[in-house]
Amino acid sequence: MSLKPSIPKGTRDFSTDEMLRREYIFDTIKNVFRLYGYQPIETPAMENLSTLLGKYGEEGDKLLFRILNSGDFLSSVSDDELGNREPAKLSSKICEKGLRYDLTVPFARYVVQHRDEIIFPFKRYQIQPVWRADRPQKGRYREFFQCDVDVIGSDSLLNEYELVKIVDDIFKRLNIATVIKINNRKVLSGIAAFIGEPDKITDITVAIDKLDKIGIEAVNAELIAKGLSQKAISKLQPVLQLTGNTEIKLTRLEQLLAQSETGLKGISELKTLFGYIENSSISCEVELDLTLARGLNYYTGAIIEVKSKDVSFGSICGGGRYDNLTGVFGMDGVSGVGISFGADRIYDVLNQLNLFSEIKVSSTEVLIVNFGEKETQYALKSLDLLRSLGVRVELYPDAVKLKKQMSYADAKKIPYILIAGEDEIMKNNIIFKNMSSGEQSSMLLADLDSFVNNVIKKIL
RNA sequence: GUGGAUGUAGUUCAGUUGGUUAGAACGUCGGAUUGUGGUUCCGAAGGUCGCCGGUUCGAACCCGGUCUUCCACCCCA
């Protein structure tokens, strides 16, 4: 009896073709990160649950994959506790590790743990998978790759500006048209204070985040359901209905939030950031979006989200500033800002827009035909020579029918084959065959390198 | 987590009101062609009908459960 092979829900295998395309995305992103002076780190797939819990809000805690303790994981659980069937309590007793949910929190932990070795401001990038026990959907996986860049140990808004430039640069290289949406948590706090419901900031932001989607009526209804007073809601209306360009919106908002110190701070940050952006060459659209909220708990300043203009599902990139994330690990006064690229969603966007066809996929360039033991000895010379010339070449491992070996080259889209059989050995020759034209050139083995340099290299 | 749909060869899909031996195309393998691929022609292999249980003389088809994938919500990359 054989098991039907399968992989867990929401996870994927990547084929060779997919991997070549994914590597193209990773390489593009990595090159830009390096260009801006960021350096790589990696952290473990699993973290202690104490590191992860409470950083992503209630919803986030539920979505953490927990790792069952090894050995007798029930040793510290009493029969009563088992009988009570309270998953939350029980899991804290039988699990002490979890899979990372994002790269930002492990990074904050890393910074605190290695603060003596780190040179601040610390600019790092990190490209690794993360796991969420979400229900899978289009563009939503349980295992997916994030590509994070963060600067920690600097308050300067130049960092936010640089992130916007990085986003612009990467998507320009990938040929994806995007909109960068920017908001500021301080402004959102200011709004919550202004309408007299400072504690309800999360409910308010979550509700107004949906403004585009469900309309103003439904948003108001949701706010009532969340327990906001009628007065607060009516005070909120002018904020929701702000129109005009960024400058007009910010000026209006400044008047409305005149009483809130935090709100004004947020507005001045936004003004500075947009000032930088206006004076630079940025090709994608950048807009102020007051309805942008972002659920992650730890953001305190700028928040950024990037959407594809042509394909609609969630965002392909998101981030923001967090002032206190290292504080929970015992290191205060260190502010960070960062952004995360969703490689899997970027892949889906490129795929849907058919942008992969233009990418040169690099695979084997020459296949050497295998005719048997004696011929292989002869062919190995060409194999070594071609590789030393930097040509990607492989020798077919078995001496099967020529027809089969050619079909293999065909299926793998290998543009050239090298034939060296009995006849060629006698004349000290080899045959180079162009698979798309069918044209064959016969030459002395000694002339192979000049043929490759003068003819083949110019075509490949 | 809530609600809805889905599952049949490797892949994409047919399959009549429940009725003998579940089909096609593409792909795979073999041959026509023992040293020349893509095209063509001929042939073959490949299925516990997602899984478990129930109803029935009889189930791919009806019922229950379960898992997968997809969609909406929640949330998010």
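Residues numbered from 1 in each chain as written. Chains lettered and ligands numbered in written order. Predicted model: local features only at pLDDT ≥ 70, side-chain atom pairs only at ≥ 80, totals over all residues. Heavy atoms only, no water.

### Topic: unusual backbone geometry
Here is the rule we go by: Helix numbering and strand numbering both begin at the N terminus, where a helix is a DSSP run of H or I of at least 4 residues and a strand a DSSP run of E of at least 2. Whether a residue is buried, partly exposed or exposed follows from its accessible area with a 1.4 Å probe, protein chains only, as a fraction of its type maximum: under 20%, in between, or over 50%, in that order.
A cis amide bond links Phe120 to the next residue, Pro121, at an omega of -5°. Among the structural elements, Pro121 can be located in the loop between helix H6 (104-113) and strand S5 (122-131). Phi at Asn175 takes a positive value of approximately 70°, unusual for a residue other than glycine. In this structure, Asn175 sits in the loop between helix H7 (158-174) and strand S7 (178-184). Classification of Asn175 by relative accessible area gives exposed; the value is 53%. The phi angle at Lys413 is positive, at roughly 55°, despite the residue not being glycine. Along the chain, Lys413 turns up in the loop between helix H16 (402-411) and strand S14 (416-419). Exposure remark for Lys413: the relative accessible area of 69% places this residue in the exposed category.

### Digging into the pairing of strand S10 (residues 317-322)
The condition is simple: The rule for pairing is simple: two strands pair if DSSP sees at least two bridges between them.
The element S10 is extensively covered by neighbouring structure, given that six of its six residues are classed as buried. Pairing geometry for S10 and strand S11 (residues 336-342), over six bridges, is antiparallel. Each bridged residue has a counterpart across the sheet, and for Gly318 the counterpart in S11 is Ser340.

### Overview of the packing of helix H9 (residues 201-209) against helix H10 (residues 211-225)
The following threshold applies: Angles here are taken between N-to-C directions and fall from 0 to 180 degrees, while the axes themselves are lines fitted to C-alpha atoms, restricted in helices to the stretch in contact. Convention used here: angles under 35 degrees read as roughly parallel, angles over 145 as roughly antiparallel, angles from 65 to 115 as roughly perpendicular, and any remaining angle as oblique. Working rule for contacts: check all heavy atoms of both residues, and any pair within 4.5 Å makes them a contact.
It is at 7 Å that the axes of H9 and H10 come closest, and there the two elements cross at 140°. On the basis of their axis angle, the class for H9 and H10 is oblique. Contact residues: Asp203, Ile204, Val206, Ala207, Ile208 and Asp209 in H9; Leu211, Val219, Glu222 and Leu223 in H10.

### Notes on the sheet that holds strand S1 (residues 39-40)
One open sheet holds the eight strands; their spatial order is S1-S5-S6-S11-S10-S9-S7-S8, and the pairing between them is mixed. Each end of this open sheet is capped by a strand with a single partner; those strands are S1 and strand S8 (285-288). Note that S1 and S5 share two bridges and pair parallel. Across the sheet, Gln39 pairs through a bridge with Arg124, a residue of S5. Here helix H1 (residues 16-35) sits on the sheet in contact with S5, strand S6 (143-152) and S11, set at roughly 5° to S6. The sheet strands contacting helix H14 (residues 343-352) are S6, strand S9 (302-308) and S11, and the helix crosses S11 at an angle near 40°.

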